[in-house]
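What follows is the residue order along each chain.
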Amino acid sequence: MTNTVEHPISTINNTVSTAKAFVIFAHGAGADKSHEFMEQVSRALNKKNINVLRFNFAYMDARLAEGNRRPPDRMPKLLHCFEKVINELETHLPIFLAGKSMGGRVAATLASDKALKALGVMCLGYPFHPQKQPEKLRLAPLQETQKSILILQGSRDALGNKEEILGYEYSAHCRCVFFEDGDHNLKPRIKSGFTHIQHIEKAVNEMVNFIDESLEANQVLLA
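The shown structure was predicted, so the numbers you read here are calculated from the model rather than taken from an experiment.

1. Topic: the pattern of salt bridges
Inference 1: Within this structure, the stated rule accounts for 8 salt bridges.
Inference 2: Among the salt bridges present, the one from Glu 66 reaches Arg 70, with a minimum N-O distance of 2.9 Å.
Inference 3: Taking relative accessible area as the criterion, Arg 70 reaches 31% and is therefore assigned partly exposed.
Inference 4: Between Arg 156 and Asp 181 there is a salt bridge, and its shortest N-O distance comes to 3.5 Å. Within this pair, whereas Arg 156 is found in the loop between β6 (148-154) and α6 (162-165), its partner Asp 181 is found in the loop between β7 (174-179) and α7 (196-222), the two being separated by 25 residues in sequence.
Inference 5: Each of Glu 39, Arg 43 and Arg 54 takes part in a single network of salt bridges with overlapping partners.

2. Thoughts on the sheet that holds β6
Inference 1: Read from one edge to the other, the open sheet built from 7 strands follows the order β1-β3-β2-β4-β5-β6-β7, with strand pairing classed as mixed. Both edges of this open sheet fall to β1 (11-14) and β7, since each of them pairs with a single strand only. In this sheet, adjacent strand axes meet at a mean angle of 20 degrees when their direction is disregarded.
Inference 2: Relative to β6, strand β5 (residues 120-124) is paired through 5 bridges, and the arrangement is parallel. Each bridged residue has a counterpart across the sheet, and for Cys 123 the counterpart in β6 is Ile 151.
Inference 3: Helix α4 (residues 102-110) contacts β2 (21-26), β4 (95-100), β5 and β6 of the sheet and is inclined by roughly 140 degrees relative to β4.

3. Considerations on the nonpolar core
Inference 1: Judged by nonpolar contacts, the single largest core of 40 residues is most densely connected at Ile 24, Phe 57, Phe 82, Leu 97 and Ile 149.
Inference 2: By residue number, the principal contributor to this core is helix α3 (residues 75-88), which donates 6 residues.
Inference 3: Once you skip the residues sitting within four places of it in the chain, Ile 24 turns out to touch Leu 53, Phe 55, Phe 82, Val 85, Ile 86, Leu 89, Ile 95, Phe 96, Leu 97 and Ala 98.
Inference 4: Judged by nonpolar contacts, the second largest core, of 26 residues, contains Met 38, Ile 50, Phe 96 and Leu 186.

4. Side note on the environment of Asn 218
Inference 1: Along the chain, Asn 218 turns up in helix α7.
Inference 2: What makes Asn 218 partly exposed here is its relative accessible area of 22%.
Inference 3: Remark: the alpha-carbon pair of Asn 218 and Pro 94, spanning 124 residues in sequence, is separated by 9.7 Å.

About the criteria used
- Residues numbered from 1 in each chain as written.
- Predicted model: local features only at pLDDT ≥ 70, side-chain atom pairs only at ≥ 80, totals over all residues.
- Heavy atoms only, no water.
- Salt bridge = Lys/Arg side-chain N within 4 Å of Asp/Glu carboxyl O.
- Buried < 20%, exposed > 50% of the residue type's maximum accessible area, 1.4 Å probe, protein only.
- Helix = DSSP H or I, 4+ residues; strand = E, 2+ residues; numbered from the N terminus.
- Pairing = 2+ DSSP bridges.
- Axes fitted to C-alpha atoms, helices over the stretch in contact; angles between N-to-C directions.
- Contact = heavy atoms within 4.5 Å.
- Core = buried A, V, L, I, M, F, W, Y, C linked by side-chain atoms within 4.5 Å.

This is how it looks when you write it as structure tokens:
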């Protein structure tokens with residue numbers, strides 16, 4: 001029997017000395033931890049006194065090393081990788097999970113475990129269904145969650161737009177905030193009157209409010 005060798009998980013750690021929380025931030029299916037969107041959100045959270053740890057799922061590191069278009073791993077491997085990052089993080093700060101697209105789906109799936117070492121989950125562009133396949137819904141993580149989940153969604157996201165989402169049923173633990181004319185990256189068209197930077201700033205503010213509310217609620221429970 002051949003043992004599977006686990007390679008170290010590659011990470012980027014963006015920290016500040018005055019942090020009040022630690023966010024573990026997972027990438028989407030097609031772009032890695034260094035993508036501009038991941039960088040922008042992480043740096044903006046730092047400015048709000050929140051530490052951020054970004055990491056690559058194993059398939060992404062293999063893709064970058066081999067220079068190919070290796071597809072994402074199946075959900076069990078993605079979950080295992082995310083859990084490993086959580087368990088290896090050394091911090092005294094409250095932990096939150098976040099993810100772009102697929103990364104958010106993985107984080108939300110972990111939230112079905114009440115014992116998860118995180119106070120909440122934040123999904124930036126949740127993939128409610130594959131593109132052009134609205135019948136293949138991915139609602140289970142949002143229905144089974146035991147933790148609070150914040151969903152930040154472009155109103156015209158091809159993987160779940162506002163009109164579609166308003167017709168879905170998911171847990172009361174979930175809250176969805178829509179970004180006017182935003183696509184899967186929250187990017188609006190010029191004619192909308194909004195800019196991508198504005199939407200990213202709003203998304204970060206929503207994340208910070210969610211973190212603050214969760215911290216306050218946790219203090220009440222501990223009192």
